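Summary of the model geometry
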Amino acid sequence: MLQCRQGIEWQCGLRRVAIAALAAVFLWPLAIMADEGQGEVPEVRALRTAGEITLDGRLDEPIWQQAPKATGFTQRNPEPGAPISQHTEFQVVFSDTTLYVGIRADDDDAAGLVAREMQRDGSLFRDDGLVVLLDTFHDHRNTYMFETNPLGARTDALIADEGEMNNFQWDGLWRVGTSRGPEGWIAEFAIPFSTLRFDPSLDTWGLQIRRVVRRNNEFAFWAPIGLDANLFRVSRYGHLTGLELPEPSLNLQIMPFVTGAYRDNVDTGSDDETDAGLDIKWGLTRNFVLDLTYNTDFAEVEADALQVNLTRFSLFFPEKRDFFLENSGIFGFGPGAPVLGLFFSRRIGISPEGNPVPLEWGARLSGRAGGWNVGFLDAQTDAATFTDEDGEREVVPETNWGVLRVQRNLGERSTVGMMFTNIDTEDGSGDQRSYGLDANIKPTDRLTLSAFWARIEDDSAAGDASGSPQDGAWAAGAEAEWESDLWGWELEVQEIGEDFSPDFGFVRRNGIRRYRGELDWEPRPETPWILNYNFGTDIDVFTRLDDSLESLWASFRFFGIELETANEIFFFAEHSVEDLDEPFEIRPDIFIPVGRHEFSSLRGFWATNSSLPLSGFFAARFGEFFDGDRTGLEVTGRWRPNRFLRLETSWFYNDVELRGGDFSTTLLRQRMAVAFTPDMSLNGLLQYSDASESLGLNLRFRWTYRPGSDLFLVYNEGWDAPSLSDPMERERQVIFKLGYLF
């Protein structure tokens, strides 16, 4: 075994990671022998138009009669490589300001079209749908996604590094018109060039079109995508040629906004306030965009979903705030949260206890050019003091947050990069810097090798006023991943020093070494009604830095089946080992004692076809849990009676019996979505958790009264609820926000 001399543990750990990475290299020949290159790349030429195009889903303007048509869609599911069952063709035209994509989706059973989602950013994959994906830098890595259904609903996303970083919270400025008839349906996409970042010197982009025929659970692509890849495999996209891209212009978007709020709290009383702020987006070039925000308010953001935590580690909640979302994939580093990340934007404007901290201003520069990806962010938060219901005070100093991210593209799909973060607090109590290097190497179409190294300088570290790095304030890791039509595997190793705690990032545990392996096998039988079987195993091992075992989790997926009806059934056998150095208080006054705990359980779930008006999900877990037993149940039911209304009810239950005491947890979640039009909706989220003894209601009305300009009305109410039958009002908020985009 590799021995470490005292004082150079980080060097020894780095050698371990290097050895693991070297071992992965020996797997290259196996991957290369089984690798398959991409076949002929499809191509379509865009045609310039000088006339106006009306977005009515008709395709009756003269330019549509002249533009080249592209067809030849092939299935990914249910019959990989077979021609699409319904004829589909598309055309692309462009003006000085806008890219238009017209898609004709014929259907021999037009009455059977599934279309029940109308809300902005709804779950359109449950309906018949069309997706347009644009690789605007033609770097075979990153793409914009625009999706619609026969009702003209819109969903969009930013995809980075072929799906390594996906941002579905992003809302771009674009429009779509659809029409339905006896021969099928038609969609006209209008995507302004000002919405996109691109290299104006190019005349060719990457392009992918996907069609979903929902009643057949059929997914078909213009540029073929096999079972070893997915929608975001940008390197397999086709080519969009003939573009004449506009030169950079001022490209300035200014959105002032006003807010008003009324708050009533049983402890602090009631108050009301009005305020104003400003958001600016300036396309410095077609490659780089500067975002500025002043006196920012995020009151319109949907509330986080409650979770029940039965582990010793922190929960992870995703970013939802618009300012931090565009080009957020550039800021991804290493394995990323929730495993480990140097940068996690939710640290800005949210205190460690989860209280909102005023964001005075923020600036972000991001873009891609000449094979480089660059992201810079600087934000300033104000000082704040909070007092909880027990009288405990949380004092947050005025803080400046800065991050710099640089990546260099290598070859077709590989990157190397660096990241630097900096936190400066007014009183110096939380000053910290971090820096790291990472690489993502893809030597073949199916093999990915990645590695990272990071280090922290913490001015607040005890006994280290100089801010020099502590010996344990570092982390490193390496991973190899390979995937084919039937097989896939992953190997991963990490070492995280005992002092590695990035205040600007996220890490679940430190002072560990992690070893993980996963193997998947998905055979596809000839049986007509079975899509595929699914078997596999996943092992995750954590040791302390002295190599003693801290945790082990092993899961064996001994049976899984996916049906052509889109129903799924999976069963797992799991075994865990937890070696506790100190008692774990899993619930108030209920402790799991020090020592090694080994326990096994069985788990399974059943999911029905989510495109149906009624669908559901059921999961169950039975077995041992630490020094006792646990039964866990999850039931979710969805009702989509029409295009206007969607209801989803979820129930999560755990019954735990331990030597130190018994307890149960119940979490209820009710979601409601009412879509009056694709641009006007009302969303509701009602949640109850007996673990936190809380009941909360979040109602959000959103009206996009013109592209990019929104009116929000938000109502929040919270109750202290030891039980659902006895809630006691805690606080109430009514919030108004109006923005106007110039």
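Preceding this section is the structure that the text describes.
These notes cover the structure that comes with them. Small disclaimer: the values here were computed from a predicted structure and weren't measured.

The rules behind these values
The residue count restarts for each chain, going from 1 along the sequence in the order it is written. With the structure being a predicted model, the display of local features is reserved for residues of pLDDT at least 70 and the display and counting of side-chain atom pairs for 80 or more, all residues being used for whole-chain, interface and lining totals. Excluded from the side-chain calculation are hydrogens and water; included are all heavy atoms of the structure. Segments assigned H or I by DSSP are reported as helices when at least four residues long, segments assigned E as strands when at least two residues long, and all are numbered from the N terminus. Any residue under 20% of the maximum accessible area for its type is buried, any over 50% is exposed, and the rest in between are partly exposed; the area is computed with a 1.4 Å probe on protein chains only. Any pair of residues with heavy atoms lying within 4.5 Å of one another is described as a contacting pair. Computed by Shrake-Rupley with a 1.4 Å probe, the accessible areas treat only the displayed protein chains as cover when residues are assessed. His is not counted, nor are the chain ends; Lys and Arg add positive charge and Asp and Glu add negative charge. We put the charge of a Lys on NZ, of an Arg on CZ, of an Asp on CG and of a Glu on CD. Here a Phe, Tyr or Trp ring, Trp counted by its six-membered ring, pairs with any other such ring whose centre lies within 6.5 Å, and the pair is stacked when the planes are under 30 degrees apart, edge-to-face when over 60, and tilted otherwise. Working definition of a nonpolar core: buried Ala, Val, Leu, Ile, Met, Phe, Trp, Tyr and Cys residues. They are joined through side-chain atoms within 4.5 Å. Surface patches are drawn from residues lacking salt bridges whose relative accessible area is over 30%; two like charges belong together within 9 Å, two nonpolar side chains (Val, Leu, Ile, Met, Phe, Trp, Tyr) within 5 Å. One side-chain nitrogen of Lys or Arg within 4 Å of one carboxyl oxygen of Asp or Glu is enough to make a salt bridge. Strands are treated as partners if at least two bridges between them are detected by DSSP.

Digging into the overall build of the protein chain
Looking only at helices and strands, one finds three helices and 45 strands in the protein chain. Considering only C-alpha atoms, the protein chain reaches an extent of 75 × 65 × 55 Å along its principal axes. Counting the 742 residues in the protein chain, one finds 53% classified as buried. The contacts in the protein chain between residues at least 6 apart in sequence include a share of 58% that link residues at least 24 apart. As presented, the protein chain carries roughly 32,500 Å² of accessible surface, and 55% of it is formed by carbon and sulfur atoms. Of the side-chain charges in the protein chain, 67 are positive and 120 negative, and the distance between the mean point of each set is 4 Å.

Remarks on the packing of aromatic side chains
One pass over the structure, following the stated rule, counts 36 aromatic pairs. Consider the rings of Phe 146 and Trp 174, whose centres lie 5.1 Å apart with planes at 70 degrees: the pair is edge-to-face. With a gap of 28 residues between them, Phe 146 in strand 7 (residues 143-148) and Trp 174 in the loop between strand 9 (165-167) and strand 10 (175-181) connect regions that are remote in the sequence. Accessibility classification places Phe 146 together with Trp 174 in one group, the buried group. Judged by centre distance (5.6 Å) and plane angle (55 degrees), the ring pair of Trp 703 and Tyr 705 falls under tilted.

Examining the nonpolar core
Of all hydrophobic cores here, the largest spans 37 residues; its most connected members are Phe 90, Leu 99, Phe 189, Trp 205 and Leu 207. Secondary structure elements with two or more residues in this core: strand 4 (88-94), strand 5 (98-106), strand 6 (129-135), strand 7, strand 11 (184-192) and strand 12 (205-213). Sequence-distant contacts of Leu 207, defined by excluding residues within four places in its chain, comprise Val 44, Phe 90, Val 92, Val 132, Leu 133, Leu 134, Trp 222, Tyr 237, Gly 238 and Leu 240.

Re a nonpolar patch on the surface
Together, Phe 556, Phe 558, Ile 569, Phe 571, Leu 602, Trp 606, Phe 618, Val 635 and Trp 651 give the surface a local cluster of nonpolar side chains, amounting to about 800 Å² of exposed area. In this fold, Val 635 is placed in strand 39 (residues 628-639). In this structure Val 635 comes out as partly exposed when scored by relative accessible area, which is 32%.

Quick look at the pairing of strand 24 (residues 414-425)
The pairing of strand 23 (residues 399-410) with strand 24 spans twelve bridges and is antiparallel. What sits directly across from Asn 409, in strand 24, is Thr 415. Judged from the nine bridges that link them, strand 24 and strand 25 (residues 432-441) form a sheet pairing that is antiparallel. Note that in strand 25 the partner of Thr 421 across the bridge is Ser 434. Linking strand 24 back to strand 25 in an antiparallel pair, the connection comprises six residues, with Gly 428 at a positive phi of about 75 degrees.

Digging into a negative patch on the surface
Taken together, the side chains of Glu 624, Asp 629, Glu 657 and Asp 662 present a region of like negative charge at the surface. Counting through the fold element by element, Asp 629 comes out in strand 39.

What about the environment of Gln 407?
Mapping Gln 407 onto the fold places it in strand 23. With 35 residues separating them in the primary sequence, Gln 407 and Trp 372 have C-alpha atoms 5.7 Å apart. Setting aside anything within four residues of it in sequence, one finds Gln 407 in contact with Asp 161, Ile 330, Gly 371, Trp 372, Asn 373, Thr 415, Val 416 and Gly 417.

Here we look at the pairing of strand 43 (residues 694-706)
Note that strand 42 (residues 680-689) and strand 43 share ten bridges and pair antiparallel. Within strand 43, the position partnered with Met 680 by the bridge is Trp 703. Taking the residues that link successive antiparallel strands as the turn, the strand 42-strand 43 hairpin has four residues, and the phi of Glu 693 there is positive, at about 50 degrees. Pairing analysis gives twelve bridges linking strand 43 to strand 44 (residues 709-720), with the strands arranged antiparallel. Its bridge partner lying in strand 44, Thr 704 is registered against Asp 710. Joining the antiparallel neighbours strand 43 and strand 44 is a turn of two residues, in which Gly 708 adopts a positive phi near 85 degrees.

Some words on the sheet that holds strand 4
Pairing is mixed in the open sheet, where five strands are placed in the order 2-4-5-11-10. Sheet topology places strand 2 (47-48) and strand 10 at the edges, where each strand pairs with a single neighbour. Where strand 10 lies against strand 11, seven bridges are found, and the strand directions are antiparallel. What sits directly across from Gly 181, in strand 11, is Gly 184.

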